[in-house]
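# Survey of secondary and tertiary structure
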Amino acid sequence: MDEDNNFAIIIGEFSEVITNRTLEDAPSSPLNFNVVQVTGSSTTLSASWTQPSTLNGILTNYTVYCRISSKQFYSEQIPNSNEFTVFNTASPDTTEVVLTGLEAFTVYECYVTASTNGGESEPSNNDSARTDEDSPTVPRDFIYTKITSTSVTLEWRRPECPNGVISEYVLEYDNESLTQPITISIPVEFIEDSDEYNETNITVEYLNEFTDYTFNLSAVTGGGRGTEATIDITTDEDVPSASPENLTGMFSSATSLLISWFPPPEQDQNGVIMGYNISYFEVDNSDIVTYTSTEETMINITGLMVYTEYNVSVAAYTSIGTGPFDSIIERTDSAPPFAP
């Protein structure tokens, strides 16, 4: 006799009819178990099945078991011997559930069982599916490895949780003089042999000298753009790229000239102006050039010839070197006449 069936026993021609039911037993396995990705959701999968062919009682519930089957990176793989755990318990009149609280872009292997008060069935067929992609976490160890006056080399490691296939990194950088950030797209490919991506560094060129910059780096997957890593850098000093401004002169005596100027424009200083180099010579005798320097923005050059034209040149310098010179020609005053 089958479990959970009514039966009757007749004893003799006119005996009493006795009716009874056998005890429940575990049902047969649910059929056609299927797990599929839920598009647009990185933490859910959808599972469905059909009722067992033999119930052997009254169904009380279905139980879905799952385990992580595969992750994105080889170094993170979990052996298939890891145990299945209960992910969902469904009512007996349900043959489809949504599995929630899963990890993004991860393959889960699942099966379902059916239960009566007589026990739990054998597992259904196993099926697997991968959760959808999500936006990545922040790139790790975002640092600079080399800075010049006009460039910086940046390096990083992939996000700890890419949550998908990284298609590119987006690098944005900005400074106070820019009206909007400059954006660089860095396409990448996943290299299976190395279990990593092929691009994790970049050299950014054509920066301004001795300028503060903020760099923001994020990874992009099919699930979106991830959290930014940020680093602040200052490019190195360089020689000034412009000469001092408003260079003027006048005689201060018959043997001296007073020369004054303003520093180069701020955007052309390219560092901290430490002082100014000055050279001068007689216009009619350029073989003898005299050099001097000052930290001020004026100088009184003394010991010159009376009523003589001089070419005077001034250039600013930083710790790196001297920038371009600007020049003027000025004449010393005439000497007063001798008394008779």
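In case you missed it, the structure is sitting above this.
Read on for an overview of the structure. (Residues numbered from 1 in each chain as written. Predicted model: local features only at pLDDT ≥ 70, side-chain atom pairs only at ≥ 80, totals over all residues. Heavy atoms only, no water.)

Before going further, it helps to spend a moment on the layout of surface pockets. If you add up the space inside the largest pocket, you get close to 230 Å³. By residue class, the composition of the lining of the largest pocket is 1 nonpolar, 7 polar and 2 charged. (1 Å grid on protein atoms, 1.4 Å probe; cavity = no way out; pocket = protein on both sides within 12 Å on 5 of 7 lines; lining within 4 Å. Points joined across faces, edges and corners; volume = space filled by probe spheres on them. Nonpolar A, V, L, I, M, F, W, Y, C, P; charged D, E, K, R; others polar.)

Right, let's talk about the sheet that holds strand β17 (residues 201-204) for a bit. Strand order in the open sheet made by the 3 strands is β11-β12-β17, with antiparallel pairing throughout. In this open sheet, the two strands that pair with only one neighbour each are β11 (140-147) and β17. Averaged over all pairs of adjacent strands, the angle between their axes in this sheet comes to 20°, without regard to strand direction. Sheet analysis places strand β12 (residues 152-157) next to β17, joined by 4 bridges and oriented antiparallel. Across the sheet, the residue bridging to Leu154 is Ile202, located in β17. (Pairing = 2+ DSSP bridges. Helix = DSSP H or I, 4+ residues; strand = E, 2+ residues; numbered from the N terminus. Axes fitted to C-alpha atoms, helices over the stretch in contact; angles between N-to-C directions.)

This part is about the pairing of strand β18 (residues 212-221). Taken residue by residue, a regular strand's side chains alternate between the two faces of the sheet. Counting buried positions along β18 gives 8 out of 10 residues, so the element sits mostly inside the fold. Across 7 bridges, the pairing between strand β13 (residues 168-174) and β18 is antiparallel. By the bridge assignment, Glu172 is partnered in β18 with Asn216. With 6 bridges connecting them, β18 and strand β20 (residues 229-234) associate as antiparallel partners. Within β20, the residue paired with Leu217 across the bridge is Ala229. Across 2 bridges, β18 lies against strand β19 (residues 224-225) in antiparallel orientation. Its bridge partner lying in β19, Val220 is registered against Arg225. Following β18, the chain reverses through 2 residues before pairing antiparallel with β19. (Buried < 20%, exposed > 50% of the residue type's maximum accessible area, 1.4 Å probe, protein only.)

The next point concerns the environment of Gly222. Tracing the chain through its elements places Gly222 in the loop between β18 and β19. Taking the C-alpha atoms as reference, Gly222 lies 9.1 Å from Asn163; in sequence the two are 59 residues apart. Those residues in contact with Gly222 that lie beyond four places of it in its chain are Glu133 and Val165. (Contact = heavy atoms within 4.5 Å.)

What follows deals with the nonpolar core. Ranked by size, the top nonpolar core spans 22 residues in total, and within it Phe142, Val152, Leu154, Tyr169, Leu171, Val204 and Phe215 carry the most contacts. Put simply, the parts of the chain that give this core at least two residues each are β11, β12, β13, β17, β18 and β20. Not counting chain neighbours up to four residues away, the residues in contact with Phe215 comprise Phe142, Val152, Leu154, Leu171, Glu172, Tyr173, Val204, Leu207, Ala229, Thr230, Ile231 and Ile233. (Core = buried A, V, L, I, M, F, W, Y, C linked by side-chain atoms within 4.5 Å.)

Position of Asn270 among the secondary structure elements: in the loop between α1 (266-269) and β23 (275-282). Take Asn270: its relative accessible area is 3%, and that puts it in the buried class. Within the local environment of Asn270, its side chain forms a polar contact with the backbone oxygen of Val239, the two atoms lying 2.9 Å apart. Leaving out residues up to four positions away in the same chain, Asn270 has contacts with Glu209, Phe210, Glu237, Asp238, Val239, Pro240, Ser241 and Thr318. (Polar contact = N/O pair within 3.5 Å; in protein donor to acceptor, adjacent residues only side chain to side chain.)

With that settled, the discussion passes to the packing of aromatic side chains. This model, assessed by the stated rule, comprises 12 aromatic pairs. On the basis of an interplanar angle of 70° and a centroid distance of 6.0 Å, the ring pair of Phe87 and Tyr108 is categorised as edge-to-face. Of this pair, Phe87 sits in strand β6 (residues 85-90) while Tyr108 sits in strand β8 (residues 107-116), and the two are 21 residues apart along the sequence. Taking the relative accessible area as the measure of exposure, Phe87 reaches 29% and is therefore partly exposed. Since its relative accessible area comes to 3%, Tyr108 is described here as buried. Residues Phe142 and Trp156 carry aromatic rings whose centres are separated by 6.4 Å and whose planes lie at 70° to one another, so their mutual orientation is edge-to-face. Of this pair, Phe142 sits in strand β11 while Trp156 sits in strand β12, and the two are 14 residues apart along the sequence. The two residues Phe142 and Trp156 agree in class, both being buried. (Phe/Tyr/Trp six-rings, centres within 6.5 Å; stacked < 30°, edge-to-face > 60°.)

What follows concerns the state of the cysteines. When the sulfur atoms of two cysteines share a covalent bond, that bond is a disulfide. Within the structure shown, the criterion is met by 1 disulfide. A sulfur-sulfur distance of 2.1 Å marks the disulfide that ties Cys66 to Cys110. With the S-S dihedral at roughly 110°, the linkage between Cys66 and Cys110 falls on the right-handed side. Of this pair, Cys66 sits in strand β5 (residues 59-70) while Cys110 sits in strand β8; the two residues are 44 residues apart in sequence, bridging distant segments of the chain. Residues Cys66 and Cys110 agree in their burial class; the two are buried. Of the cysteine sulfurs around Cys161, a residue in no disulfide, the closest is that of Cys66, at 20 Å. On the basis of relative accessibility, which here comes to 36%, the residue Cys161 falls in the partly exposed class. (Disulfide = S-S within 2.5 Å.)

Here we take up unusual backbone geometry. Phi angles above zero are rare outside glycine, and Tyr206 is one such case at about 65°. We classify Tyr206 as exposed; its relative accessible area is 76%. Although it is not a glycine, Asn246 adopts a positive phi angle of roughly 55°. Looking at the secondary structure, you find Asn246 in strand β21 (residues 245-253).

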